[in-house]
Amino acid sequence: MLFHSGSAVFASTVTAVAHATEAPNPQQNLSSELRALIESHMTAYAAFGKVVHEVGGRGRDHDNANREEERALLAICAYPAVTQGDRLAKARYLLEIEARGELDVPEQMQALLRSMMWKG
């Protein structure tokens, strides 16, 4: 993945979380757990973008940052969104990620689908 600038990475993640955390009404608030997962991914994504620019997409730092970003995204995919607000925020955030072409690892899709299964 190549990024045009660090500010573009930051702007896109801020936009994604802003859309993800919008709730249609006060009864559908975003849980603190999902908010923390989204913020963790935003941080990891920004760090990965910075490493790509500084290192040029190679080396141990790149690999570590890439794994951390993937781990953070996988955590969001796996999060069992129960409330309407969480489902909406998770869907919006993941749609932003998918629109950038970055929701493409089979484990992410498996985690997403498993998170939707009822565990009553």
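Remember, predicted model here, so these are calculated numbers, not experimental data.

(A) Geometry of the packing of helix α3 (residues 60-78) against helix α5 (residues 106-115). As a packed pair, α3 and α5 sit with axes 7 Å apart at the nearest point and diverge in direction by 25°. When the axis of α3 is compared with that of α5, the two are roughly parallel. Of the residues in α5, those touching α3 at L73, L74, C77 and A78 are E107, Q108, A111, L112 and S115. Residues that form the contact of α3 with α5 fall into these classes: 6 nonpolar, 2 polar and 1 charged.

(B) Spatial organisation of the confidence of the model for the chain. Summing up the model confidence of the chain, the mean pLDDT is 81 and the portion of residues at 70 or higher is 72%. Considering each helix and strand of the chain separately, the mean pLDDT is smallest for helix α1 (residues 6-20), with a value of 48, and largest for helix α4 (residues 84-99), with 95. Overall, residues 1-11 carries pLDDT values under 50, and its contacts beyond four positions in sequence, including any with other chains, amount to 18 contacts. In the model, residues 23-27 has pLDDT below 50 throughout and makes 3 contacts with residues more than four positions away in sequence or in other chains.

(C) Region of interest: α4. Helix length check: α4 (16 residues) gives 22 Å between terminal C-alpha atoms against 22 Å at 1.5 Å per residue, within 8%. Residues of α4 that are buried: G85, D86, A89, K90, Y93, L94 and I97. Projected down its long axis, α4 shows its buried positions confined to an angular sector of 145°, all on one face. Opposite the packed face of α4, turned more than 90 degrees from it, sit the exposed residues L95 and A99. In the segment just after α4, G101 is the residue with positive phi, at about 80°.

(D) Quick look at the pattern of salt bridges. Using the criterion set out here, one finds 2 salt bridges in the structure. Here R71 makes a salt bridge to E68, at a shortest N to O gap of 2.6 Å. You can see R71 and its partner E68 sitting in helix α3, 3 residues apart, about one turn around the helix.

How each quantity is defined
Residues numbered from 1 in each chain as written. Predicted model: local features only at pLDDT ≥ 70, side-chain atom pairs only at ≥ 80, totals over all residues. Heavy atoms only, no water. Axes fitted to C-alpha atoms, helices over the stretch in contact; angles between N-to-C directions. Helix = DSSP H or I, 4+ residues; strand = E, 2+ residues; numbered from the N terminus. Parallel < 35°, antiparallel > 145°, perpendicular 65-115°, else oblique. Contact = heavy atoms within 4.5 Å. Nonpolar A, V, L, I, M, F, W, Y, C, P; charged D, E, K, R; others polar. pLDDT = per-residue confidence, 0-100. Expected span 1.5 Å × (residues − 1). Buried < 20%, exposed > 50% of the residue type's maximum accessible area, 1.4 Å probe, protein only. Arc of directions from axis to C-beta. Salt bridge = Lys/Arg side-chain N within 4 Å of Asp/Glu carboxyl O.

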